[in-house]
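Now for the letters of each chain:
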2 protein chains.
Amino acid sequence: MAQKPSIPKGTRDFSPEEMVRRNYIFDTIRNVFQHYGYQNIETPAMENLSTLMGKYGEEGDRLLFKILNSGDFLKNITPGDVEAGNINKITFSISEKGLRYDLTVPFARYVVQHRNDIVFPFKRYQIQPVWRADRPQKGRYREFYQCDVDVIGSDSLLNEVELIRMIDDIFKKLKIEIVIKLNNRKVLTGIAEVIDAPDKLTDITTAIDKLDKIGIENVYEELRQRGLSEDNINMLEPIINLSGDNEKRLTCLKELVGGTASGSQGTNELQEIVDYLKKVEIKADVEIDQALARGLNYYTGAIIEVKAKDVNIGSVCGGGRYDDLTGIFGLPGVSGVGVSFGADRIYDVLEEMNLFPEHQKGTTEVMLANFGKKESEFALRVLEVLQNSGISAELYPDAAKMKKQMQYANRKGVHYVMLIGEEEMKAGHYTLKDMETGEQTKEVLSELIRLIQG
Amino acid sequence: MAQKPSIPKGTRDFSPEEMVRRNYIFDTIRNVFQHYGYQNIETPAMENLSTLMGKYGEEGDRLLFKILNSGDFLKNITPGDVEAGNINKITFSISEKGLRYDLTVPFARYVVQHRNDIVFPFKRYQIQPVWRADRPQKGRYREFYQCDVDVIGSDSLLNEVELIRMIDDIFKKLKIEIVIKLNNRKVLTGIAEVIDAPDKLTDITTAIDKLDKIGIENVYEELRQRGLSEDNINMLEPIINLSGDNEKRLTCLKELVGGTASGSQGTNELQEIVDYLKKVEIKADVEIDQALARGLNYYTGAIIEVKAKDVNIGSVCGGGRYDDLTGIFGLPGVSGVGVSFGADRIYDVLEEMNLFPEHQKGTTEVMLANFGKKESEFALRVLEVLQNSGISAELYPDAAKMKKQMQYANRKGVHYVMLIGEEEMKAGHYTLKDMETGEQTKEVLSELIRLIQG
């Protein structure tokens, strides 16, 4: 029964070449996380639906992949349930687990569940896939990796500073030029208050968040539709149009919203972060952007977003401070702050800018050609010496035609092919062919190893 | 709405300490795989049920985690279906995807799907979790990692030799003493033929596979129950009781089963592997075990199983050759051979034998204590110097009591704490406390860095 094999839409296979590049990104990110004292955890792919439901809004609930209960899942539903078409009731009758939708909610669950074993402030990172039943489209997948880094249990702004330093370090290592945009939820609250529309906070931020995409006139139009008065909008105008460097923006913002408690606190926090950052070397541009909102209902303090300078691809990293993430699981009052790196977007930037390192680990350095059984027995020992010298090496398994063996080495990106036929075995001088230059060297093994190790 | 958070039974959270140890295992395995020229691929967690079903037997089909279709999954079932209780029909009406059950079937699917892009022989490794709706019990989980390494597209026995060399290398690096047991499906076929019970192959191997557990008398009893005659059993006796070193066993096996085509081929293959292995250095014991069967219906040639010498825990690695794995997906006649390493079992062995390295990467080397805002600004620069020197370091984010900061460093396993108060800032001499010995050093930064880098 031959079938044409395929994979579910929105999911991907990763080839060896792609994995080398993906691992380059993951390794770079992971190394920086560890270098700054963050520790790795992992959580299960499946969480109880009670953990996941209601955490991502109605749309999010719908986008959770739900797992059918094993065993007789039918025992909890009746023909009447199907007749009534009550899909929600039936869903929860036949499914009690779902695939994680992000790494943040499982992290909050983890912190509460293991609170007695955790050393706070808890600096953790987590690099794992997440699943969303979104409609697949270019650049949007149903399975994708998130790389999250968070500190929980400290409200010091030094944490924000550390995250910004890590972002800078990671993209510096990846050679991607970036802008780090910075805002504070309290500044947004202050803005809504000073324009006399504190109840319209979400409407305001949703609209002005689109400034880059739709332009100022359309933002105003949307604000009108969302019920803001012309007075409100007139007062908002100087705030939205605020420009200049961070110091100038901060000065203006303090004037404009510093009169409210939130506005004053938010601008002071931004000031403190900016001041700290002056003490260290940051390669990226760090820009205060009073229009930056990002999932506002979630964040309570700093809001951070990172864009690549030379590629128009949306944000490559983002996050912020949330003051009560663990409250939903029964541990209130624990402040956290974190960011998430988008591996797929970063991959696309590196590819588009041709920034992947040319020589990447992930393939064989030396292949020994196979000349038959007797030669293979001999080659096995040479292979052992090469590998013990730290050189990744393989012996072609079959005594195939030399052309086929060379093609294999070539397509696999093997750097050197070593030829040890009967003659070479006797002479003790082996031939080494550089597959990139085509150059051939005939020498004793120790010399060839020196050559390979460069 | 506070809930007591938990995770689905049979799944696990991994703490930072556990992740350091798990990553030590994965990194060791991965490095050896790469060193021998194997390349990494990844496949999606979800596969189409049509890919997975029927590949693991009836029991396996039942143990697949199935994913509820998103959207209106009810539209394909009627109240009558529920009334009829036809759980299979309903399952496939409301679910078309499942979580992968192992890495072998997805690999076969991958090879067929991407056959035109693959360089054969294809040497791939894959380290990813798999899911099984098994009843959870000690050491058996519903989510666990497999570390698979396979060559596909070559029937040379040099591949078996390479796998054995890798197994030896990995466990040598992990410092676990092992026995590698070796058999060949064709020897088993030969045995069934010479005792005149070729149709009883599965019964024979199922029974003698239990030799270690239930003893010889119970094996005979089981064989009787499975319909073998006393004649059959009498002929089987010398084969089962065969002992001695590999040469002796091979000589006897050739005498006993070499008369059949299968038996002759199987013993010759074992002989060739054993001969190749004499050319290289293998630390492990390699033992031919004519009673080794392991998932017989799957393997067609070599059968490999690895046991830890000092811990009674079942096999820590196993695999074999399969001649037509990709046939089910429409690509017949491609031979493959591979083994799978059990990370959880290996973890348990390392823990029981106290073999995890004492100093493992995964925590901060130096923590700078926090004495307040002014000192923090200063400390940020020192932090930067430390990190740029390749030292993983962090600044405690809050100006908390020194006792609390020290406790944090201690519980996190931080090696050094650096103290830079007002006095130290002025003097340019900072205090470094070794958290393991309690020793304190007061010196200029460059000297302290030299000390830390040891």
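Every value quoted in this text rests on a predicted model; they were computed, and no experiment measured them.

### Observations regarding the overall build of chain A
Move 1: On a plain count of helices and strands, chain A comes out with 19 helices and 16 strands.
Move 2: Over its C-alpha trace chain A gives a radius of gyration of 29 Å, far above what one expects of a compact globule, namely 22 Å for 454 residues.
Move 3: C-alpha atoms of chain A, sized along the principal axes, occupy 95 × 65 × 45 Å.
Move 4: Each of the 454 residues in chain A was classed as buried or not, and the buried ones make up 59%.
Move 5: A sequence separation of at least 24 residues applies to 67% of the contacts in chain A between residues at least 6 apart.
Move 6: In the form shown here, chain A has an accessible surface area of approximately 18,900 Å², with 45% of it arising from carbon and sulfur atoms.

### A word on the environment of isoleucine 240 of chain A
All names here are of chain A.
Move 1: Inspection of the secondary structure puts isoleucine 240 in helix H12 (residues 230-240).
Move 2: Since its relative accessible area comes to 7%, isoleucine 240 is described here as buried.
Move 3: When the C-alpha atoms of isoleucine 240 and glutamine 290 are compared, they prove to be 7.3 Å apart, with 50 residues separating the residues in sequence.

### Some points on the pairing of strand E6 (residues 143-152) of chain A
All names here are of chain A.
Move 1: Within E6, ten of the ten residues are buried, which leaves it mostly tucked inside the rest of the structure.
Move 2: Residues Glu143, Tyr145, Cys147, Val149 and Val151 line one face of E6 and the alternating positions Phe144, Gln146, Asp148, Asp150 and Ile152 line the opposite face, and both faces are buried.
Move 3: Of the strand pairs in this sheet, strand E5 (residues 122-131) and E6 are connected by ten bridges, and their pairing is antiparallel. From the neighbouring strand, glutamine 128 faces E6, where its bridge partner is glutamine 146.
Move 4: By the bridge criterion, seven bridges tie E6 to strand E11 (residues 336-342) in an arrangement that is antiparallel. In the strand pairing of E11, cysteine 147 is matched with phenylalanine 341.

### Considering the side chain of serine 93 of chain B
Move 1: Within the secondary structure, serine 93 of chain B is located in helix H5 (residues 87-94).
Move 2: Setting aside residues up to four positions removed in sequence, serine 93 of chain B forms contacts with Asn69, Phe73, Asn76 and Ile77 of chain B.

### A short note on the domain arrangement of chain A
Move 1: In terms of domains, chain A is made up of domain 1 (16-352) and domain 2 (366-453).
Move 2: Look at where the C-alpha atoms of domain 1 of chain A and domain 2 of chain A centre, and you get two points 51 Å apart.

### Some thoughts on the relation of the copies chain A and chain B
Both copies of the chain are related by a screw-like operation: a rotation about an axis and a shift along it.
Move 1: When chain A is fitted to chain B, the residual RMSD is 0.1 Å, and the transformation amounts to a turn of 180 degrees plus an axial shift of 0.0 Å. As the rotation angle and translation indicate, the two copies are arranged about a two-fold axis.
Move 2: Here 100% of the contact residues of chain A are again contact residues in chain B; the copies associate through an equivalent surface.

### Some remarks on helix H6 (residues 104-113) of chain A
Move 1: Where burial is concerned, most of H6 of chain A is hidden: nine out of the ten residues are buried.
Move 2: Taken together, the buried positions of H6 of chain A are Thr104, Val105, Pro106, Phe107, Ala108, Arg109, Tyr110, Val111 and Val112 of chain A.
Move 3: Where H6 of chain A is buried, its residues contact strand E2 (46-48), helix H2 (49-52), E5, E6 and strand E10 (315-322) of chain A together with helix H1 (16-35) of chain B.

### Remarks on unusual backbone geometry
Move 1: A cis geometry characterises the amide bond from phenylalanine 120 of chain A onward to proline 121 of chain A, with omega recorded as -10 degrees.
Move 2: With respect to the helices and strands, proline 121 of chain A occurs in the loop between H6 and E5.
Move 3: The phi dihedral of asparagine 354 of chain A falls on the positive side, at around 60 degrees, and the residue is not glycine.
Move 4: Along the chain, asparagine 354 of chain A falls in the loop between helix H15 (343-352) and strand E12 (366-368).
Move 5: Phi is positive for aspartate 196 of chain B, which is not a glycine, with a value near 70 degrees.
Move 6: Taking relative accessible area as the criterion, aspartate 196 of chain B reaches 62% and is therefore assigned exposed.

### Focus: the state of the cysteines
Residues and elements named next belong to chain B.
Move 1: A complete count under the given rule lists zero disulfides over all chains for this structure.
Move 2: No disulfide involves cysteine 317; its sulfur sits 9.4 Å from that of cysteine 147, the nearest cysteine.
Move 3: By relative accessible area, cysteine 317 is classed as buried at 2%.

### Quick notes on the packing of aromatic side chains
Move 1: Considering all chains together, one arrives at 22 aromatic pairs over all chains under this definition.
Move 2: Geometrically, the ring pair formed by tyrosine 56 of chain B and tyrosine 101 of chain B is tilted, given 4.3 Å between the ring centres and 40 degrees between the ring planes. Placement of tyrosine 56 of chain B in the loop between helix H2 (49-52) and helix H3 (57-63) and of tyrosine 101 of chain B in the loop between strand E4 (95-99) and helix H6 (104-113) is noted, with a sequence separation of 45 residues between them.
Move 3: Overall, the relative accessible area of 17% leaves tyrosine 56 of chain B in the buried class.
Move 4: Sitting over the face of the ring of phenylalanine 107 of chain A, arginine 124 of chain A holds its NZ or CZ atom 3.8 Å from the ring centroid.
Move 5: The side chain of lysine 373 of chain B reaches across the aromatic face of tyrosine 276 of chain A, ending 5.0 Å from its centre.

### Remarks on the interface of chain A and chain B
When the parts of a complex come together, some accessible area is lost, and that lost area is often used as the size of the interface.
Move 1: In this assembly, 114 residues from chain A lie in contact with 114 residues from chain B.
Move 2: Carbon and sulfur atoms supply 58% of the area buried between chain A and chain B, which totals about 9,700 Å² over both sides.
Move 3: The three residues of chain A that bury the most area against chain B are His35, Glu42 and Lys279 of chain A, which together make up 7% of that side's buried surface.
Move 4: Taken together, the connections running from chain A to chain B amount to six salt bridges.
Move 5: Remark: the boundary between chain A and chain B carries 34 residue pairs in polar contact (both at pLDDT 80 or more).
Move 6: Residue contributions to the side of chain A that touches chain B peak at eight residues, all from helix H16 (residues 373-388) of chain A.

### A look at the sheet that holds strand E14 (residues 416-419) of chain B
Residue and element names in this part refer to chain B.
Move 1: Sheet architecture is open: five strands sit in the order E13-E12-E14-E15-E16, paired in mixed fashion. The sheet is open, and its two borders are formed by strand E13 (393-395) and strand E16 (440-443), each paired with just one other strand. Between one strand and the next, the sheet's axes are offset by a mean angle of 20 degrees, whatever the strand orientation.
Move 2: Direction of pairing for strand E15 (residues 430-434) relative to E16: antiparallel, over a ladder of four bridges. Counted as the bridge partner of threonine 431 is lysine 442 from E16.
Move 3: Against the sheet, helix H16 (residues 402-412) contacts strand E12 (366-368), E13, E14 and E15, and its axis sits at roughly 155 degrees relative to E14.

What counts and how
Residues numbered from 1 in each chain as written. Chains lettered and ligands numbered in written order. Predicted model: local features only at pLDDT ≥ 70, side-chain atom pairs only at ≥ 80, totals over all residues. Heavy atoms only, no water. Helix = DSSP H or I, 4+ residues; strand = E, 2+ residues; numbered from the N terminus. Rg over C-alpha atoms; globule rule 2.2 N^0.38 Å. Buried < 20%, exposed > 50% of the residue type's maximum accessible area, 1.4 Å probe, protein only. Contact = heavy atoms within 4.5 Å. Areas by Shrake-Rupley, 256 points an atom, 1.4 Å probe, with all protein chains shown as cover. Pairing = 2+ DSSP bridges. Domains from an automatic or database assignment. Least-squares fit on C-alpha atoms with pLDDT ≥ 70 in both. Disulfide = S-S within 2.5 Å. Phe/Tyr/Trp six-rings, centres within 6.5 Å; stacked < 30°, edge-to-face > 60°. Lys NZ or Arg CZ within 6 Å of the ring centre and 35° of its normal. Buried area = accessible area lost by both parts, 1.4 Å probe. Salt bridge = Lys/Arg side-chain N within 4 Å of Asp/Glu carboxyl O. Polar contact = N/O pair within 3.5 Å; in protein donor to acceptor, adjacent residues only side chain to side chain. Axes fitted to C-alpha atoms, helices over the stretch in contact; angles between N-to-C directions.

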